[in-house]
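Each chain is listed here by its residues.
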Amino acid sequence: MGSGQDNDAGSGVVHRDDALTTQLLASLESMADGYMLIDGDWRILYVNRVVEAQMQRPRTSLHGKNLWEEIDVVKGTFVEDELRRVAREGAGAATLVEFDYPALGIRIGVRAFATETGGVALYIADVTEAYALQQRMRLLQGAVSRLEDMIVITEAAASDVATPGIVFVNEAFERLTGYTFEEVKGRTPQFMRGPETDVAQVERMRQALSLGHAVRGELIFYTKAGEKLWVDMQMAPFRAPTGKATHIVIVSREISARKRAEAELKESTERFRIVAQATVDVVWDWDLKTDMIWWGDGMRVRFGYRYDDKPQIGESWVQHIHPDDSDRVVTGIHAAIDGVSEKWSDEYRFVRADGSIAQVVDSGYVIRDEGGIAVRMVGSMVDVTEQRELEAQLRQSQRLEAVGQLTGGVAHDFNNLLTVILSNAELLETRLAHDEQMHALAEMTRIAAERGAELTSRLLAFSRRQALDPKPSNIEALARGMEGLLRRALGEQIELRIEAAEDLWDALIDPLQLESAILNLCINARDAMPDGGTVSIELANVCLGADVAGGERGEYVMVCVADTGTGMDEATIARAFEPFFTTKEIGKGSGLGLSMVYGFVTQSKGRVEIDSRLGEGTRIKLYLPRAKDARQAQREEAPEDVVIGNERILLVEDDDLVRVQVAAELRELGYRVVTARNGPEALQLLREKEPFDLLFTDVVMPGGMNGRQLAEAARAILPTLPVLYTSGNPDIVLGEEGRLASGVHLLRKPYRQRALAAKLREALINHRSQNEA
């Protein structure tokens, strides 16, 4: 390449005779990479055929030319700097550079070596594809390093995948496990196993890999800090072009949060199920996406439907709603689901498995997704049947109580008038005995007054203001003693049956009032059977528990009067005890029969039940409190003759008509009578010197002092003074539950002269007996 060379411009090759030179040139021409020789002045001395092809120029156009001018793309770049550095440093200096050659559309890689003559030798390669592959690999490596999933690559083994060492881990692995690549390099991934790692799952995955299959499973590994790390692991062999597995690629997604959520959900679900089983409510869970409802065990316990903890379609609920309520309830719940409400609630009738109807309150909470779409409802159904029945009974009781207060007041005033009418009618009846026509009128007046008295007695019975005189009573004897009277009242078309249990208890009851109640019930039964039928009176011992609505627990004697008549509908049953309510034709009934029975039994600490269906008849049950003292009281018969006396009596009565009338009757009976209009006036008279033998006082009086208060004040003046009360509404002197207080004598208005005379003697005689004792 110096003097003595012969140039062959046609071939562009410098010829030498030296065989070594020829061999070197041949080697340069056969190289896979391009070769270019540059002298110290940066002139191109030689290029091989590869450079000629790379530059797409004949080599003759390059020889002797300045490198920086021919390849100007590198001029002024780091490539020029590197090549000049190599030339400057001389022998032994070298560099490797790459640069893009836009004119040719390729990327060139250059290895430069300094020559002994002060130039450089350049080995030039087209690295376009290699550079692209390198970039792709760098991009892939960067992506892998930044994945949230852990990537682990291990060597593959011929037979045991548990032993190969780790050759690569990404950043996610280092972040989640706490181990660096240097700490795990060459180690088997199994070193991360711990006490809760599923060994059977590991073995299953190992077996699948040994067969060359990809495998997936969930495992617990442990971090460097010893914490549990749940992973969803996928393992697959990486194969060379020959098909041989060279590596194992393990991709693991950290699922600890999901597993905790699943555990919490499982615990919450189990807790939900336990609560659902324990509560008396019917708990339900409705998946709105699948339209499947899960029902708690309360559905079986409360309503008789067995679902065995299996979800049911939504129709399983709708089909049990009462037909009259179904449209309203379904419309309401879907309005809540389709709207924005978070809560839904409704009350409706629900059909039990046995066909009976329950009243329920159903409430649910709507659970919505991020878009506000309802995806689930959770709620509970409460059986309020008994509660609603109790509320209805309370409203009925309050209504009856209000009516009772009104009727009690009316009865008091009416009894005062009847007292005058009855007394005068009785007097006229006696004095007009010789005049048949006038005697008949007087008798008619007396009978009308007695019927009026019976009416007011029923009003007082309903309002529970009548004075009861309860005694231990043999109910079977009482019922059978009425058999003749009842048969006459029922008529020949109606059969009467009386059935009593053996060892029937005595009841603590006012026998006269019970007779009246049984008679009223039988007459009502007769009127419900215009074409005839059967009236049955059943007597039995009954023990009522604390859960029985409308009454106290305890022992009762049940008197059940049943008929085979027309029966009553629900609306009629609801009003059956109201005074003056009747289904009979005008003039056929007062509407006070059942109200009197209700008041009497309730006042006697008992209860009444009605069971009736249209076309099937009616059963009315009276529950009478058992008498603990089994002594049977005998009814005292009033004396036939009027008993007279001569004692001095203080009569206190605010009603002028009654006071005048009663005073006259007392004088006719032989008594000496002094009258007073009110309590203060009576006390003034009691303080006078001449004593009284008896105080006969009305109970309800104006002036701030009633009959009981007057009696107490009178005994402060005369401690041994006997007292006889009279009233058309005697609740002031009544003791517990409407019973006469011990030692109290009461004459109910209106009364006949014979009853007046008898009560006066009873009060006087009992007082004397007590004093003598």
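The structure this text deals with has already been given above.
Residues numbered from 1 in each chain as written. Predicted model: local features only at pLDDT ≥ 70, side-chain atom pairs only at ≥ 80, totals over all residues. Heavy atoms only, no water.

1. Overview of the overall build of the chain
Piece 1. Each helix and strand counted, the chain has 23 helices and 30 strands in total.
Piece 2. For the chain, the residues scored as buried account for 43% of the 773 residues in total.
Piece 3. The long-range fraction of contacts in the chain, counting pairs at least 24 apart against all pairs at least 6 apart in sequence, stands at 58%.
Piece 4. Element-wise, carbon and sulfur atoms account for 51% of the exposed surface of the chain, whose accessible area totals about 41500 Å². (Helix = DSSP H or I, 4+ residues; strand = E, 2+ residues; numbered from the N terminus. Buried < 20%, exposed > 50% of the residue type's maximum accessible area, 1.4 Å probe, protein only. Contact = heavy atoms within 4.5 Å. Areas by Shrake-Rupley, 256 points an atom, 1.4 Å probe, with all protein chains shown as cover.)

2. Let's talk about the packing of helix H21 (residues 679-686) against helix H22 (residues 707-717)
Piece 1. Running from N to C, H21 and H22 point in directions that differ by 15 degrees, and their axes come no closer than 10 Å. With respect to H22, the axis of H21 lies roughly parallel. For H21 against H22, the interelement crossing comes out right-handed. Facing H21, whose interface residues are Gly-679, Ala-682, Leu-683 and Leu-686, H22 presents Leu-710, Ala-713, Ala-714 and Ile-717. (Axes fitted to C-alpha atoms, helices over the stretch in contact; angles between N-to-C directions. Parallel < 35°, antiparallel > 145°, perpendicular 65-115°, else oblique. Left-handed = near helix turned anticlockwise from the far one by under 90°.)

3. Considering the environment of His-213
Piece 1. As for its placement among the helices and strands, His-213 is situated in the loop between helix H8 (199-210) and strand E10 (215-222).
Piece 2. The spatial distance from the C-alpha of His-213 to the C-alpha of Met-235 is 8.7 Å, given a sequence separation of 22 residues.
Piece 3. Discounting chain neighbours no more than four positions away, the residues touching His-213 are Ala-208, Met-235 and Pro-237.

4. Re the packing of aromatic side chains
Piece 1. Across all of its chains, the model carries 11 aromatic pairs by this definition.
Piece 2. Taken together, a centroid distance of 5.0 Å and an interplanar angle of 45 degrees make the contact between Trp-42 and Trp-68 tilted. Of this pair, Trp-42 sits in the loop between strand E3 (34-38) and strand E4 (44-47) while Trp-68 sits in helix H3 (residues 67-70), and the two are 26 residues apart along the sequence. Here Trp-42 and Trp-68 have matching classes, each one buried.
Piece 3. Between Phe-113 and Tyr-123 the ring centres are 5.7 Å apart and the planes differ by 85 degrees, which places this aromatic pair in the edge-to-face class. Taken as a pair, Phe-113 in strand E6 (residues 106-114) and Tyr-123 in strand E7 (residues 120-126) lie far apart in primary sequence, 10 residues in all.
Piece 4. Given the relative accessible area of 36%, Phe-113 is considered partly exposed.
Piece 5. Connected via pairs of aromatic rings, a cluster forms that spans Tyr-35, Tyr-46, Phe-113 and Tyr-123.
Piece 6. A cation sits over an aromatic face here: Arg-607 above Tyr-623, 5.3 Å from the ring centre.
Piece 7. The residue whose ring lies beneath Arg-648 is Phe-692, and the NZ or CZ to ring-centre distance is 4.0 Å. (Phe/Tyr/Trp six-rings, centres within 6.5 Å; stacked < 30°, edge-to-face > 60°. Lys NZ or Arg CZ within 6 Å of the ring centre and 35° of its normal.)

5. A closer look at the pairing of strand E8 (residues 150-155)
Piece 1. Relative to strand E12 (residues 245-254), E8 runs antiparallel, the two being bridged by 6 bridges. Bridge pairing links Val-152 to Ile-250 in E12.
Piece 2. Across 3 bridges, E8 lies against strand E9 (residues 166-169) in antiparallel orientation. From the neighbouring strand, Thr-154 faces E9, where its bridge partner is Ile-166. (Pairing = 2+ DSSP bridges.)

6. Things to note about the pairing of strand E17 (residues 357-368)
Here is the key point about a regular strand: its side chains alternate between the two faces of the sheet.
Piece 1. With 9 bridges joining them, strand E16 (residues 343-351) and E17 adopt antiparallel strand pairing. Directly across from Ser-345, in E17, lies its bridge partner Ser-363.
Piece 2. Hairpin connection from E17 to strand E18 (residues 374-383): 5 residues lie between these consecutive antiparallel strands, with Gly-372 at a positive phi of about 85 degrees.

7. Some remarks on the sheet that holds strand E23 (residues 554-563)
Piece 1. Read from one edge to the other, the open sheet built from 5 strands follows the order E20-E22-E23-E25-E24, with strand pairing classed as mixed. Every interior strand has two partners, whereas the edge strands, strand E20 (494-500) and strand E24 (607-613), have only one. Averaged over all adjacent pairs, the angle separating strand axes in this sheet is 15 degrees, with direction ignored.
Piece 2. Bridge count between E20 and strand E22 (residues 533-544): 7 bridges; the pairing is parallel. If you follow Leu-496 over to E22, its bridge partner there is Val-535.
Piece 3. Along the sheet face, helix H16 (residues 483-490) touches E20 and E22 and points at about 155 degrees away from the line of E20.

8. Description of the packing of H16 against helix H17 (residues 511-527)
Piece 1. The N-to-C vectors of H16 and H17 enclose an angle of 25 degrees; their axes lie 10 Å apart at closest approach. Viewed along their axes, H16 and H17 adopt a mutual orientation that is roughly parallel. The interaxial crossing formed by H16 with H17 has right-handed handedness. Touching Leu-485, Leu-486, Ala-489 and Leu-490 of H16 are Ile-518, Leu-519, Cys-522 and Arg-526, all from H17.

9. Here we look at the nonpolar core
For soluble globular proteins, the rule of thumb is that nonpolar side chains tend to be buried together.
Piece 1. Core analysis: the biggest nonpolar cluster contains 40 residues, and Ile-475, Leu-514, Ile-518, Val-535, Ile-537, Leu-622 and Leu-624 have the highest contact counts within it.
Piece 2. Setting aside residues up to four positions removed in sequence, Leu-514 forms contacts with Ile-475, Leu-478, Ile-509, Phe-600, Leu-622 and Leu-624.
Piece 3. Listed in part, the 29 residues of the second largest apolar core include Trp-42, Val-97, Leu-104 and Ala-112. (Core = buried A, V, L, I, M, F, W, Y, C linked by side-chain atoms within 4.5 Å.)

10. Observations regarding unusual backbone geometry
Piece 1. Here Trp-42, not a glycine, exhibits a phi torsion of approximately 65 degrees, which is positive.
Piece 2. You will see that Lys-605, though not glycine, has its phi angle at about 70 degrees, which is positive.
Piece 3. Among the secondary structure elements, Lys-605 is positioned in the loop between helix H19 (593-603) and E24.
Piece 4. Overall, the relative accessible area of 37% leaves Lys-605 in the partly exposed class.

11. A word on H21
Piece 1. Taken together, the buried positions of H21 are occupied by Gly-679, Ala-682, Leu-683, Leu-685 and Leu-686. All buried residues of H21 project into a common sector of 160 degrees when viewed along the axis, lining one side.
Piece 2. Next to the buried residues of H21 lie strand E26 (648-652), strand E27 (672-676) and H22.
Piece 3. Near the N-terminus of H21, the side chain that reaches the backbone nitrogen of Glu-681, with its oxygen 3.0 Å away, is that of Asn-678. (Arc of directions from axis to C-beta. Polar contact = N/O pair within 3.5 Å; in protein donor to acceptor, adjacent residues only side chain to side chain.)

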